[in-house]
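Here is what each chain is made of, one letter per residue.
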Amino acid sequence: MKISQRLACFRNRSVWTDPVRRVRTLESFAETEADGGRDLLTAARRISDPDLRVHIEHHAEDEVRHARLFRERAAELRADIDLGSVRAEESDSSYDLSRGRKGVDVDAHGFFSASLCDELGEVAYVAMLHVAEQRARDLFEMHSHLNRHDEKTKAVFDEILKDEKYHVSYTRKFLDKWSQGGREVEVKGALKDARSSRFMGAWKRLGIRSGAGFSHVVLYVLYWTLLLPFGLISSRSKARPHVQPASAKPSTSSQY
Amino acid sequence: MRVLGISAFHRDAAAALIVDGEVVAAAQEERYTRKPLDPAFPKRAIGYCLEAGGIESAELDRVVFYEKPLKKFERVLALHMKAFPRSARSFSRTLFLWLGDRLWVKNRILQELGVDGGIVHFTEHQLAVAANAYLTSPFEQAAVLTIDDAGEWATATLGEGDGRSVKLKTEVLFPHSLGLLDSAVTQYLGFVPGQEEFKREALGAFGTPRYADALRGLVGDQDGFFSLEQEPFRFAYDSERLYGPALEELLGPPRFSGDPLLHEGSDTRHADVAASLQVVLEESVLKLARALHEQVPSTHLCFAGELATNRSLNARLLDEGPFEHLWVPPSPSKAGAAIGAALYVYHQENEGRRAPSPPAALGESVDDRAEEGAQQLEADAVPAQLLQRLEQGQLVAWVRGRMEFGPHSLGNRSLLASALDAQAPRNLYGAIQIGEPFLPCRVAIPAERAAEYLDLPPSANGLLTYGLVNAKANDALREIAPAVIHADGTVWPQLVDASADPELHALLTAFGERAGHPLLVHADFAPRGSTLVRNEADAVNAFRRSNLDCLFVETRLYERS
């Protein structure tokens, strides 16, 4: 196992030790896989290469089946811990299998906008799919490992892993075919874009999170230092009247 | 003169384009991002408005933002200081948001649109809401009432509209807010505040107002102007948790999302709380309306803001209020304020008469691009096909023309089913994964036949057309279509006028001729967790994920394979 995978294992261990998070994580996977299946069906309708189209339709069916497997296992675990019935808003949104999609291109459910395949073109679309499936394969390998003491859950991940490997391999096959057909530069560029968009996305998220965390700390410190005297004075001040005449001539040129 | 109105950074961001006083386009950003009530800067909605108007941003004469950011920031800062030290956690969270984007609205507008800073204007929030209420109304003179959650300082205003001008006279200031009282109780009941107040209202139909006295104790009254006890609420300094332990002491333990909802059977506590708040809101608004009538003794009232989406409240205002005629714009809240802000500035700077009330369908047209699986029909075959399927009891999605601006579809992005089928409302919502059994469905009725089925509120035509008021069902409707009647005996009607929407009117009439009664259940074509569909691709995607039987997009038919 690579060092990065070991680190990820360490980070994700708590997901599977908490029985409630465990259920919600599986449900979240189910939701993402089901969404993915629908996305792929939408894309398949727009693919011109008949061979690729068959693979993508097959891929879509796999995703739907994965959703069912995750959902069934989650339901068993739900019943085991008497968690009650499933609710849409409960799923663990921290789990993102979003296949490298850009925020703008997905709807509230995480679906591709139907036009993305048109916008990207087949090569870039398959490159993006390839990179995303590689990530999913690595993720599921990790989760399978983390569930090694829970045979049933591990079996679900292992079953799905077989398909993920097929998804990585058929997308690779098409990328190779296009490369050999004289589109090597395009394929390389598309793969680079797909990887860098994932990398840049992760980097931006990290930047935003750490920046936000730092800002919160600074503002919190400010509150207890610089603003403290104003706060003390203000908290003892009289309340404003609750009704007043409105401004007779409101200006629209000022922001105040 | 071309004026672009923008509302953003609170809820339901939107843009509207006014050309020579006429609203030519308006759209909510949520329809593009598919995030319900998306508050983000509406750059896609602006893009659409400019495209629909056939202009570039450089050709705009004014860009108007619907709030004064510095004034609002002053309020946020002052109230956080006032709540010291309870506001410690919320302070860093709120300031982070403000310093991130809300404070730099003008820069953002200049950056996104590339316009000259001199053309960017700012109206006060409640003034934009009031302008949306009055300047889109059919009245030449009217009293104007706005009741919102929060703007800069004002949460409710009383004013007057006359000719082209709107003037605010009196304002109730934050943190005294009926909108936030509604949101706090909505959150107490386990719904999303600021989004799901309609669920709180619907739930109220199942309850008895046994907590009304307790809630009345929180709402003071001074010459008709409400004030709020602050102890039970936290919204003055915390936008995440709006109520405190004092409210729990008063009403019992709160419900959290996912907990069972107590609204039927022996324990109806949640419905009772919802019903109690409804009574208190209605009473407070009636008092405010009477105070307004004393200041502006008009026969006409224009009403907007968050509370104007409350259909039971509108019905009571019509029934017991001091005004004979009531107007609520089709988009009465934050999104509609984009229209109000632009119209206000236009009429401040221009002479001439106001344009007639804009239509509700101000958004994108259906693109002319068939998706896979489409069956092309002859244009004159569509009504017959629709009719046949509705008669067969099918659940039908119908998408046509321009997208509506506002919270609901009025027929252009709609789901329809026979109202004579007792299961239709549940099936229709079930088909788009909306499972709350207490949510009501609209019933569409030809305007001229409405009196056969409803005890109509007087002078409510505009409201009934936009589905903004509840009405009492009469005996005939109770017998024919019990499934569309709420637990409190009211209905959510949408009257369809032959001149305003000839296609839907003709469909209703033909359905009536075949089935005996021209009544169709009508719901928004918006899958759970998403927004109204925008174009054909969206519609087909939503259809494929749903359990609807068929989808008509203009002259194309999609069927479940």
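These remarks concern the structure in this document.

Criteria and thresholds
Residues numbered from 1 in each chain as written. Chains lettered and ligands numbered in written order. Predicted model: local features only at pLDDT ≥ 70, side-chain atom pairs only at ≥ 80, totals over all residues. Helix = DSSP H or I, 4+ residues; strand = E, 2+ residues; numbered from the N terminus. Buried ≥ 20, exposed ≤ 12 C-beta atoms within 10 Å, placed from the backbone. Contact = placed C-beta atoms within 7 Å. Pairing = 2+ DSSP bridges. Axes fitted to C-alpha atoms, helices over the stretch in contact; angles between N-to-C directions. Core = buried A, V, L, I, M, F, W, Y, C linked by C-beta atoms within 7 Å. Nonpolar A, V, L, I, M, F, W, Y, C, P; charged D, E, K, R; others polar.

Here we come to the environment of Leu301(B). Residue and element names in this part refer to chain B. Its location among the elements puts Leu-301 in strand 11 (residues 300-304). You can call Leu-301 buried: it has 27 C-beta atoms within 10 Å. C-alpha of Leu-301 to C-alpha of Phe-323: the two residues are 22 residues apart in sequence and 6.1 Å apart in space. Aside from chain neighbours lying at most four places away, what touches Leu-301 is Ala-142, Ala-143, Leu-145, Ala-289, Phe-323, His-325 and Leu-326.

Looking now at the sheet that holds strand 1 (residues 243-245) of chain A. Read from one edge of the open sheet, six strands run 1(A)-8(B)-7(B)-6(B)-11(B)-12(B), paired in mixed fashion. Where the open sheet ends on each side, the last strands, each with one partner, are strand 1 of chain A together with strand 12 (325-327) of chain B. For this sheet, the mean inter-axis angle between neighbouring strands, taken without regard to orientation, is 25 degrees. Relative to strand 8 (residues 165-173) of chain B, strand 1 of chain A is paired through three bridges, and the arrangement is antiparallel. Note that in strand 8 of chain B the partner of Gln244(A) across the bridge is Glu171(B). Each of strand 6 (141-147), strand 7 (154-162), strand 8 and strand 11 of chain B touches helix 6 (residues 125-135) of chain B; the most contacted strand, strand 8 of chain B, lies at about 135 degrees to it.

What follows deals with the nonpolar core. Among the nonpolar cores identified, the biggest contains 192 residues, and Ala16(B), Ala26(B), Cys49(B), Ala338(B) and Ala342(B) are the most heavily contacted of them. Top element by residues in this core is helix 11 (residues 269-295) of chain B. It accounts for twelve residues. Those residues within four positions of Ala338(B) in sequence are excluded, and the remaining contacts are Gly5(B), Ile6(B), Ser7(B), Ala14(B), Ala15(B), Ala16(B), Ala26(B) and Tyr66(B). Listed in part, the 33 residues of the second largest apolar core include Leu40(A), Met128(A), Val156(A) and Val187(A).

Let us look at the interface of chain A and chain B. Contacts between chain A and chain B engage 37 residues on the former and 44 residues on the latter. For the side of chain A that touches chain B, the secondary-structure elements that each account for two or more residues are helix 2 (19-44), helix 6 (151-224), helix 7 (228-236) and strand 1 of chain A. Examining the composition of the side of chain A that touches chain B, we find that six residues originate from one element, helix 6 of chain A, more than from any other. Tallied by class, the residues present in the side of chain A that touches chain B amount to 16 nonpolar, 14 polar and seven charged.

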